[in-house]
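Chain and residue survey
Residues per chain are reported as follows:
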Amino acid sequence: MNVDKLRKKLSDWTDLEAPTGFEEPVLAAAKEALTPLCDSVSLDVRGNLYGELKGTNENAPRVMITAHADEIGFMVTSLTTDGFLRFTRLGGPTISVLPGQRVRLLPENHPPVEAVVGVKPGHILKGPEAQQVPRVEQMYLDAGAESEEQLREWGIETGTPAVFVGELISTSHPTRVFGKSIDNRAGWLAVLEVAERLSKERPQVDCVFVLTVEEEIGLRGAEVATKTADPDVVIAIDTVPAGGTPELDSETLPWTTGAGPLLKVRETSGLSTHGPLRTLFREVADEHQLPYQLIVDTAGITDATSAQQASGKIAALTLGLARRYSHSAVEMLDLDDLKTLIEWIDHGTRKINNHQQLKRL
Ligand SMILES: [Zn+2]
């Protein structure tokens, strides 16, 4: 697959603004993209999107391949009389990058409103204060309004969501890009590309491609989506904070951007990935000479952890993408990792053909 095409597609997905609980723009685009590839597409009331693709062997397991729709963001908690906004975080934007950051407010039925996180000028910061990041409760958004009334005219109210601003930027490196919401539009693009490949030549297994909501605030959508989809296998695709930068040595985060996709043995809390499924994917990677990194994730957690709890019959696995500067407006990804991940999921899904493969004993 052509990396330039992948870059363009990723850029279209990261341009969409869909903070947790406000995923509609991504759900709508994903529904449109999945419809021609699947036998049926549906949404539950919660917002989770399902695309069904019938396999060629009715005795084969049912496989759910999933990524989350939402991105981290912010939510207005109050308006001040002189036209500033207090806010809370949706999910976990990195607090230390917030002062001076551009954000975009997304009021209902009004055009988006540009804003910045206000920051005390360096000229007057003295002593320890100059070395410290303020608490989120001390921060505020400035949209350039003169008053609370003006903010209200622009449609801003308590509960208005906001996101980081930052289009996908190509670096001078042939395959590295940075931008906002690479977590998890890159994961979703992988699912979609796999759906396209599998729809052209169907695998033995029935597949359900699932785009979940509310991952960033506690893996919530995946729990209900898995109960609805009722799979035997869950493959969750997500991004993972990468090491390999000057402040993160190889003992803290041994996996790096550009060294292949990630196969998790375990994640921060909960999931230990399913042994037989892990072995199957490792064999597939070896067979097709795909580079990958085996990791014990001490820094993150994915939808596989909550999906695994939906029933005792589920074999769950997380495949990931190492990206730098997690939960900032400048997350950095290597598109080669994404390309390899797509091939890996495609080949791995085709290798699953009977329930015996999933038995631990
Ligand atoms: Zn994520």
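Every residue gets a number counted from 1 within its own chain, in the order that chain's sequence is written. Given that this is a predicted model, residues contribute local features only at a pLDDT of at least 70 and side-chain atom pairs are listed and counted only at 80 or more, while totals for whole chains, interfaces and linings are drawn from all residues.

**Concerning the packing of helix 4 (residues 182-200) against helix 8 (residues 335-351)**
Two quantities define a packed helix pair, namely the angle between the helix axes and the distance between the axes. Axis definition: a line fit to C-alpha positions, over the contact stretch in the case of helices; interaxial angles, taken between N-to-C directions, run 0 to 180 degrees. A run of H or I in DSSP becomes a helix once it reaches four residues, and a run of E becomes a strand once it reaches two; helices and strands are each numbered from the N terminus. One can describe the packing of helix 4 onto helix 8 by two numbers: an axis separation of 9 Å at closest approach and a directional angle of 45°. In terms of axis orientation, helix 4 runs oblique to helix 8. Every pair of crossing elements has a handedness; the one defined by helix 4 and helix 8 is right-handed. Between helix 4 and helix 8, the contacting residues are Ala186, Leu189, Ala190, Glu193, Val194, Arg197 and Leu198 on the first element and Leu338, Leu341, Ile342, Ile345, Asp346 and Thr349 on the second. Residues were grouped as follows: Ala, Val, Leu, Ile, Met, Phe, Trp, Tyr, Cys and Pro as nonpolar; Asp, Glu, Lys and Arg as charged; and all remaining residues, including Gly, as polar. For the contact of helix 4 with helix 8, the class distribution of residues is nine nonpolar, one polar and three charged. Every angle not falling under 35 degrees, over 145, or within 65 to 115 is termed oblique; those three ranges are roughly parallel, roughly antiparallel and roughly perpendicular. Crossing handedness follows the turn of the near helix against the far one: under a right angle anticlockwise gives a left-handed crossing, and clockwise gives a right-handed one. Contacts are defined on C-beta atoms placed from the backbone: any two residues whose C-beta positions lie within 7 Å are in contact.

**Considering the sheet that holds strand 10 (residues 169-170)**
By this definition, two strands are paired if DSSP reports at least two bridges between them. A sheet is described by the order of its strands in space; here three strands give the open sequence 10-11-17, paired in antiparallel fashion. Two strands bound the open sheet, and with one partner strand each, they are strand 10 and strand 17 (331-334).

**Describing the domain arrangement of the protein**
The assigned domain composition of the protein is domain 1 (3-71 + 180-358) and domain 2 (73-164). Domain boundaries shown here were taken from an automatic or database domain assignment. Placing the centre of domain 1 and that of domain 2 at their C-alpha centroids yields a distance of 32 Å. On the side of domain 2, 13 residues touch domain 1, which itself brings twelve residues to the contact. Residue composition of the side of domain 1 that touches domain 2, by class: four nonpolar, four polar and four charged.

**Description of the environment of threonine 88**
In this fold, threonine 88 is placed in strand 5 (residues 84-90). Here the C-beta atoms are placed from the backbone, and a residue counts as buried if at least 20 other C-beta atoms lie within 10 Å of its own, exposed if 12 or fewer do, and partly exposed otherwise. Threonine 88 sits in the exposed class, given 10 other C-beta atoms within 10 Å. Along the backbone, threonine 88 and valine 136 are 48 residues apart, and their C-alpha atoms lie at a distance of 7.0 Å. With near-sequence residues (within four places) excluded, threonine 88 lies in contact with Met75, Thr77 and Val136.

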